[in-house]
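Analysis of the macromolecular model
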Amino acid sequence: KDIVEEYLKDSDMYVVIVDNIVVCEAVITKYDEKTCELKNIATLPKYRGRGYASFLIKYLFEEYKTKYEKMIVGTTENMIPFYVLNGFKTYHHTVKNFFVDNYKEEIYDGDFHCIDMYYYSKNLK
């Protein structure tokens, strides 16, 4: 919670609303002068698999291509295929032990124990 609250201060949040319900959200923040970062994207479990996150990512690519040259995303190993499928095709870097060093409790993505953060990028120009 503390980590999320800290980066929200200097970020933009986008939502997808269906029938007055926020079903998907994304947060974008500045990484450096030429790069923005997709810090967070989440879809309510009952609305997953319907393309809301993919739609939002494509929207964000269009929204930020006039402001930045590249967008990066950090993810767990388990979610790399989703981001590659949605345009983040270039490996950027890895932060070893990110989830171990930054969270008090162990972090899981389903049954997958999260340890390292893998960054991928998409050229926006």
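Whatever comes next refers back to the structure up there.
Residues numbered from 1 in each chain as written. Predicted model: local features only at pLDDT ≥ 70, side-chain atom pairs only at ≥ 80, totals over all residues. Heavy atoms only, no water.

Details of the packing of aromatic side chains
Stated formally: Whether two aromatic rings pair depends on their centres lying within 6.5 Å, for rings of Phe, Tyr and Trp, where Trp uses its six-membered ring; planes under 30 degrees apart make the pair stacked, over 60 edge-to-face, and the rest tilted. Charge over a ring is defined by NZ of Lys or CZ of Arg lying within 6 Å of the ring centre and within 35 degrees of the ring normal.
One pass over the full model with this rule turns up 11 aromatic pairs. Among the aromatic residues, those joined into a cluster by ring pairs are Tyr14, Tyr59, Tyr64 and Tyr68. One Lys or Arg, Lys67, reaches over the ring of Tyr64 and ends 4.8 Å from the middle of that ring. Taking the ring centre of Phe61 as reference, the NZ or CZ of Lys122 above it sits at 5.3 Å.

Observations concerning the environment of Asp32
To keep it simple, the criterion reads: Runs of H or I in DSSP of at least four residues are treated as helices and runs of E of at least two as strands, each being numbered from the N terminus. Any N or O atom pair separated by 3.5 Å or less is treated as a polar contact, with the protein-specific requirement of one donor-capable and one acceptor-capable atom, and with residues adjacent in sequence counted only for side-chain atom pairs.
As for its placement among the helices and strands, Asp32 is situated in strand 2 (residues 21-32). Once the C-alpha coordinates of Asp32 and Lys70 are considered, the two residues, 38 residues apart in sequence, prove to be 9.9 Å apart. Separated by 2.9 Å, the side chain of Asp32 and the backbone nitrogen of Lys34 make a polar contact. Here the side chain of Asp32 touches Thr35 through a polar contact of 2.8 Å, landing on its backbone nitrogen.

Observations regarding the pairing of strand 4 (residues 70-75)
Filter applied, for reference: Each residue gets one of three labels from its accessible area relative to the maximum for its type: buried under 20%, exposed over 50%, partly exposed in between, using a 1.4 Å probe on protein chains only. Should DSSP find at least two bridges between two strands, the strands are taken to pair. With the strands pointing away from the viewer, any crossover whose connection runs clockwise from the first strand over the helix to the second is right-handed.
Here strand 4 lies mainly inside the structure; 5 of its 6 residues are buried. Direction of pairing for strand 3 (residues 35-43) relative to strand 4: parallel, over a ladder of 4 bridges. Its bridge partner lying in strand 4, Thr35 is registered against Lys70. Note that the unit made of strand 3, helix 2 (residues 52-64) and strand 4 has a crossover that is right-handed.

Quick word on the state of the cysteines
For the record, the criterion: Here, two cysteine sulfur atoms that lie within 2.5 Å of each other are counted as a disulfide.
Under the definition given, this model contains 0 disulfides. Here Cys114 is not disulfide-linked; the sulfur of Cys24 is the nearest cysteine sulfur, at 19 Å.

Here's the deal with the side chain of Ser11
Heads up, the rule is: Whether two residues are in contact is decided by their heavy atoms, any of which lying within 4.5 Å being enough.
Within the secondary structure layout, Ser11 lies in strand 1 (residues 11-18). Given a relative accessible area of 18%, Ser11 falls into the buried group. Looking at Ser11, its side chain comes within polar contact range of the side chain of Thr29, at 3.5 Å. Apart from the residues within four sequence positions on either side, Ser11 is in contact with Val27, Ile28 and Thr29.

Here's the deal with the environment of Glu77
Relative to the helices and strands, Glu77 is located in the loop between strand 4 and helix 3 (80-85). Look at Glu77 and you get partly exposed, because its relative accessible area is 44%. Along the backbone, Glu77 and Tyr119 are 42 residues apart, and their C-alpha atoms lie at a distance of 9.8 Å. In contact with Glu77, not counting residues within four places along its chain, are Phe112 and Tyr118.

Distances and angles like these do not, on their own, reveal function.
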